[in-house]
Amino acid sequence: MELTIDESILEAYGFTRENIKIQQIGSGLINGTYLLSNLSNGEKFVLQQINTKVFTDPLVIANNIQSVAHFLKTNFPYYLFPAPLATVSGEEMLIHHTEHWRLSPFVAGTVALDTLSSPKQAYEAAKQFGKLSRLLNHFDSSKLKPTIVGFHDLELRFKQFKTALNQASKANQLKAAQEIERALAFEYLLSQYLRFSSKADFPNRVMHHDTKISNALLDKDTFEGICVIDLDTLMPGKFISDLGDMMRTYLCEFSENEKDLTKITIRIDYFAATVEGYLSEMGDILTATEKELILFSGKYMIYMQALRFLTDFLNENIYYPTTYTEQNLDRAKNQFKLLEELIKNEDQLSQFVEANLLRN
Ligand code: GN1
Ligand code: MG
C-alpha cells in the first residue's frame, strides 16, 4: 500500500517525497511501520511511528538504545545492532508535533518471517536473541529505564485482570466466564513466579521483551540468523521474558489470532530447536535458578498474554487493536489452549531440557 507521510518527516532525514517510495509493512499491533525505498540509489530504511499511548515516555527508548549501542560498539564492534539513525540535525528520535518517529537501517539480504516453517528458523532466531543477552551480560542493566513500567510483571498483569473483571459489564463477564475461570485456576503460576522472583540468583538482565519471529532477521536464502530488530522494549527484565515469548510464538503452527482451537498444539521439535538455539548462547551464563525456569518461562509468558488479552476484552478493547468485538476474548481462548498444551507435554519437554543442560 502506498502512503503519504508528512513531507517534513522525510526532510528531517534528508529525503524528499520525489525520491522516496513508501510502503506499510509489519504485523505488530503497537507501532506503525513503513518501508522507505530511496529511488535514486536503491537504499532502504524502516520508518516507525512510536505509539505514545503505549510508550508514554518515548525518549526513554532512544536513551536505552543509545546506551546499549555504545557498549556494543566499544566491546563487540562486529556485532550488527541496527540502532536508529539520527536525523539530519542529529536527533536520535524525531519529534514532529506530538508524534515520535524513528528511522532504522533496513538490513539487506534478510527476511522478517511472520510464521516459522522449520525448526532451523526457531533455532536461528533463538540464537540471535540469546546472543544479544550474552553480549550484554556484563552491561549494567540498571543503567536502562523501563520503556513500559511493569511490562512483564505478572503480579501487575494479574491485578489489572482483577480490576477489569470487577469493572466489566455483566454481559462481558458472562461471555468470558470460562476464560475467567481458567485465569483464576492458573493463578498458581503467579505464586511460582513470585517465589522465584525473590531468589538471589534470578538477576535482571537486558531483555528484548518481544522475541516473536518477525523481530529476528534471517538470511533470506539460508535462514541463518543475522540480527534482532524492534528495540522499543530493550530494558531490564528476566530471561524468562525472552525465552518464554519464543515458546509462546514459535511452538504452535498458528498464531494467537487462530480461532479453531483444535489447531492449537505444540510442536516438540520447535521446542527443542528454540531451547537449543537459546542455550547455545546463554547455556554457560544462566544461573542455577534460571536453568530451573526454562520450561516455566513458556508457561509464564503464555499465561501473561492470555491475561492481557482477557483483560483487554473485559475493558472493551482499549489496548490491542481488533477487527471484531470478541477478538481479544478469542485470543485469550487461544492462549489458554496453548498453555494447556504446553503443560500436557511437560514431561517430555522437561526431559529434553534436562538432557540439553547436561550436554552444555
Ligand atoms: C504487542 O505490537 P507487537 O505485536 O510487537 C505487545 C506484546 C504482545 C503482542 C501480542 C508493547 O506487540 O507485548 O506480546 O502485541 N507489545 C506491547 O501480539 O504491548
Ligand atoms: Mg514490538
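Residues numbered from 1 in each chain as written. Chains lettered and ligands numbered in written order. Predicted model: local features only at pLDDT ≥ 70, side-chain atom pairs only at ≥ 80, totals over all residues. Heavy atoms only, no water.

Enquirer: Whenever I open this one, the site of ligand 1 confuses me. Can you help?
Expert: Close to ligand 1 lie 14 residues, the nearest being L29, K212, E256, Q305 and Y319. Contact distances for ligand 1 include 2.5 Å between an oxygen atom and a side-chain N or O atom of E256. Computed on the free molecule, ligand 1 has an accessible area of 440 Å², of which 93% lies beneath the protein chains in the complex. Split into classes, the residues belonging to the shell around ligand 1 amount to seven nonpolar, two polar and five charged. For the shell around ligand 1, the two domains that each supply at least three residues are domain 1 (7-56 + 83-106) and domain 2 (119-359). (Near = heavy atom within 4 Å. Polar contact = N/O pair within 3.5 Å; in protein donor to acceptor, adjacent residues only side chain to side chain. Areas by Shrake-Rupley, 256 points an atom, 1.4 Å probe, with all protein chains shown as cover. Nonpolar A, V, L, I, M, F, W, Y, C, P; charged D, E, K, R; others polar. Domains from an automatic or database assignment.)

Enquirer: What should I look at first to understand the domain arrangement of the protein in this one?
Expert: Interfaces are often described in size by the accessible area the parts lose on coming together. As far as domains go, the protein holds domain 1 (7-56 + 83-106) and domain 2 (119-359). The straight-line distance from the C-alpha centre of domain 1 to that of domain 2 is 29 Å. Between domain 1 and domain 2, the buried area comes to about 810 Å², and carbon and sulfur atoms account for 61% of it. D232 serves as the salt-bridge partner of R102, at 2.4 Å between the closest nitrogen and oxygen. In this assembly, domain 1 and domain 2 are joined by one residue pair in polar contact (both at pLDDT 80 or more). For the side of domain 1 that touches domain 2, the class distribution of residues is five nonpolar, two polar and one charged. (Buried area = accessible area lost by both parts, 1.4 Å probe. Salt bridge = Lys/Arg side-chain N within 4 Å of Asp/Glu carboxyl O.)

Enquirer: I keep staring at the coordination of the magnesium ion (ligand 2) and nothing clicks. Help me out?
Expert: In a perfect tetrahedron of four donors around a metal, the angles come out at 109.5 degrees. In a perfect octahedron of six, they are 90 or 180 degrees. On the protein side, the magnesium ion (ligand 2) has D210 (OD) and D230 (OD) as donor atoms, found 2.0 to 2.3 Å from it. You can see D210 sitting in the loop between β7 (205-207) and β8 (216-219) and its partner D230 sitting in the loop between β9 (225-228) and β10 (235-237), a full 20 residues away along the chain. (Donors = N, O, S within 2.8 Å, 3.2 Å for Na, K, Ca; no water. Helix = DSSP H or I, 4+ residues; strand = E, 2+ residues; numbered from the N terminus.)

Enquirer: Is there a simple way to think about the nonpolar core in this case?
Expert: Burial of nonpolar side chains together is a common tendency in soluble globular proteins. Counting 95 residues, the largest nonpolar core has F81, F239, I294, L310 and L314 as the members making the most contacts within it. Element by element, the count of residues in this core is highest for helix α11 (residues 294-314), at 14 residues. Excluding residues that lie within four positions of it along the chain, L310 makes contacts with F161, A176, E179, I180, A183, N328, L329, A332 and F336. Core analysis: the next-biggest nonpolar cluster, separate from the first, contains 15 residues, I20, L36, F45 and L47 among them. (Core = buried A, V, L, I, M, F, W, Y, C linked by side-chain atoms within 4.5 Å. Buried < 20%, exposed > 50% of the residue type's maximum accessible area, 1.4 Å probe, protein only. Contact = heavy atoms within 4.5 Å.)

Enquirer: Which parts of the structure should I look at to understand helix α9 (residues 268-282)?
Expert: Note that an α-helix has 3.6 residues per turn; residues three or four places apart therefore point the same way. For α9, which comprises 15 residues, the first-to-last C-alpha distance of 21 Å matches the rise-based estimate of 21 Å (1.5 Å per residue) to within 8%. The buried count for α9 comes to 11 of 15 residues, which makes it a mostly enclosed element. Every buried residue of α9 is listed here: Y270, F271, A272, A273, T274, V275, G277, Y278, L279, E281 and M282. On its buried face, α9 is in contact with α3 (119-135), β7, α8 (239-250), α11 and α13 (346-359). (Expected span 1.5 Å × (residues − 1).)

Enquirer: Got a minute to help me understand the packing of helix α7 (residues 187-197) against α11 in this structure?
Expert: Each packed pair of helices is defined by two parameters, the angle between the axes and the distance between the axes. Taken N-terminus to C-terminus, the directions of α7 and α11 make an angle of 125°; their axes are 10 Å apart at the nearest point. As the angle between them shows, α7 and α11 are arranged oblique. Crossing of α7 over α11 shows left-handed handedness. Contact residues: α7 offers E187, L189, L190, Q192 and Y193, while α11 offers F296, K299, Y300 and Y303. Broken down by class, the residue content of the contact of α7 with α11 amounts to six nonpolar, one polar and two charged. (Axes fitted to C-alpha atoms, helices over the stretch in contact; angles between N-to-C directions. Parallel < 35°, antiparallel > 145°, perpendicular 65-115°, else oblique. Left-handed = near helix turned anticlockwise from the far one by under 90°.)

Enquirer: Teacher, can you tell me more about α11 here?
Expert: If you check α11, its first and last C-alpha atoms are 31 Å apart, about what 21 residues at 1.5 Å a residue would give, namely 30 Å. Most of α11 is tucked away, with 21 of its 21 residues classed as buried.

Enquirer: Please explain the side chain of R182 as it appears in this structure.
Expert: Residue placement: R182 occurs in helix α6 (residues 177-185). The class for R182 is buried, based on a relative accessible area of 19%. Reaching out from R182, the side chain makes a polar contact with the side chain of E340 at a distance of 3.0 Å. In this structure R182 touches K333, F336, K337 and E340, once residues within four positions along its chain are discounted.

Enquirer: What's the story with the pattern of salt bridges in this structure? I'm lost.
Expert: Oppositely charged side chains are able to pair whenever their charged atoms sit close together. Taken as a whole and judged by the stated rule, the model has 16 salt bridges. A salt bridge links E256 to R248; its shortest N-O distance comes to 2.9 Å. R248 matches E256 in its accessibility class, with the two residues each being buried. Taken together, the shared-partner salt bridges in this structure form one network comprising K127, R134 and E281.

Enquirer: Any chance you could explain the environment of L349 here in plain terms?
Expert: Structurally, L349 is set in helix α13. Overall, L349 belongs to the buried group, its relative accessible area being 0%. The spacing of L349 and A183 is 166 residues in sequence and 23 Å in space, taken between C-alpha atoms. Those residues in contact with L349 that sit more than four places away from it in its chain are I268, F271, L295 and L342.

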